[in-house]
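# An overview of the molecular structure
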Amino acid sequence: MLSLVFLLGFTIQTFAQSDITVMPEKLSLDVGESATLKANVKGDDGNEIEDAQFLFFTRRRKGGGAVEVDSTGLVTAKLPGEAIVIVIYPHPDGKYLRANIPVSIAYPALSR
């Protein structure tokens, strides 16, 4: 954790990316497939925070890929291309921890 201490005596804390972990770190899905992201966060003492609540958002990338993600981290591929799932932990001190998970989406292979 990085802390900046000012002459006035108060501290502003920011968190490193390593304070939040999301598994898997990237996804490759076919349209219609789903996978669940598992997020963990460490507190100031370095121990995992039990029952941490996370927010999940999606963002499209080049190629127009689209996914849906629910409040439990279940990601479902909707359109082929590239997308990002953004995982946020709103820390009780008013800070936010964030991780970006890239998602590659393809059409399912055709069988003959």
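Cut-offs used in this document
Residues numbered from 1 in each chain as written. Predicted model: local features only at pLDDT ≥ 70, side-chain atom pairs only at ≥ 80, totals over all residues. Heavy atoms only, no water. Helix = DSSP H or I, 4+ residues; strand = E, 2+ residues; numbered from the N terminus. Buried < 20%, exposed > 50% of the residue type's maximum accessible area, 1.4 Å probe, protein only. Contact = heavy atoms within 4.5 Å. Pairing = 2+ DSSP bridges. Core = buried A, V, L, I, M, F, W, Y, C linked by side-chain atoms within 4.5 Å. Phe/Tyr/Trp six-rings, centres within 6.5 Å; stacked < 30°, edge-to-face > 60°. Axes fitted to C-alpha atoms, helices over the stretch in contact; angles between N-to-C directions. Salt bridge = Lys/Arg side-chain N within 4 Å of Asp/Glu carboxyl O.

## Here's the deal with the overall build of the chain
Each helix and strand counted, the chain has 0 helices and 11 strands in total. In the chain, the succession of α and β elements from N to C terminus is β-β-β-β-β-β-β-β-β-β-β. Each of the 112 residues in the chain was classed as buried or not, and the buried ones make up 33%. Restricting to contacts in the chain with at least 6 residues of sequence separation, those with at least 24 account for 48%.

## Concerning the pairing of strand S3 (residues 20-23)
Taking every second residue as pointing to the same face, the buried face of S3 carries Ile-20 and Val-22, while none of Thr-21 and Met-23 on the other face is buried. As paired strands, S3 and strand S6 (residues 38-41) are joined by 4 bridges and run antiparallel to one another. Its bridge partner being in S6, Thr-21 is matched across the sheet by Asn-40.

## With respect to the nonpolar core
Ranked by internal contacts, the top residues of the largest apolar core, which has 24 residues, are Ile-20, Val-22, Leu-37, Phe-54, Val-75, Val-85 and Val-87. Mapped onto this core, the elements with two or more residues apiece are S3, strand S4 (27-30), S6, strand S8 (66-69), strand S9 (74-79), strand S10 (81-90) and strand S11 (96-106). Of all the elements, S11 adds the most residues to this core, at 5 residues. Those residues within four positions of Val-75 in sequence are excluded, and the remaining contacts are Leu-27, Leu-29, Glu-33, Ser-34, Ala-35, Leu-37, Val-67, Glu-68, Val-69 and Val-85.

## Considerations on the packing of aromatic side chains
Overall, the coordinates contain 1 aromatic pair when judged by the stated rule. On the basis of an interplanar angle of 50° and a centroid distance of 5.6 Å, the ring pair of Phe-54 and Tyr-89 is categorised as tilted. Of this pair, Phe-54 sits in the loop between S6 and strand S7 (55-60) while Tyr-89 sits in strand S10, placing them 35 residues apart in sequence. Like Tyr-89, Phe-54 is buried.

## Quick look at the sheet that holds strand S5 (residues 34-36)
Pairing is antiparallel across the open sheet formed by 3 strands, whose spatial order is S5-S9-S8. Two strands in the sheet have a free side with no partner beyond their single neighbour: S5 and S8. Direction aside, neighbouring strands of the sheet carry axes that sit 25° apart on average. In terms of strand pairing, S5 meets S9 through 3 bridges, oriented antiparallel. Among the inter-strand pairings, Ala-35 is bridged to a residue of S9, identified as Val-75.

## So, the pattern of salt bridges
As enumerated under the stated definition, the model contains 1 salt bridge in all. A salt bridge links Glu-68 to Lys-78, with the shortest nitrogen-to-oxygen separation between them at 3.8 Å. You can see Glu-68 sitting in strand S8 and its partner Lys-78 sitting in strand S9, a full 10 residues away along the chain.

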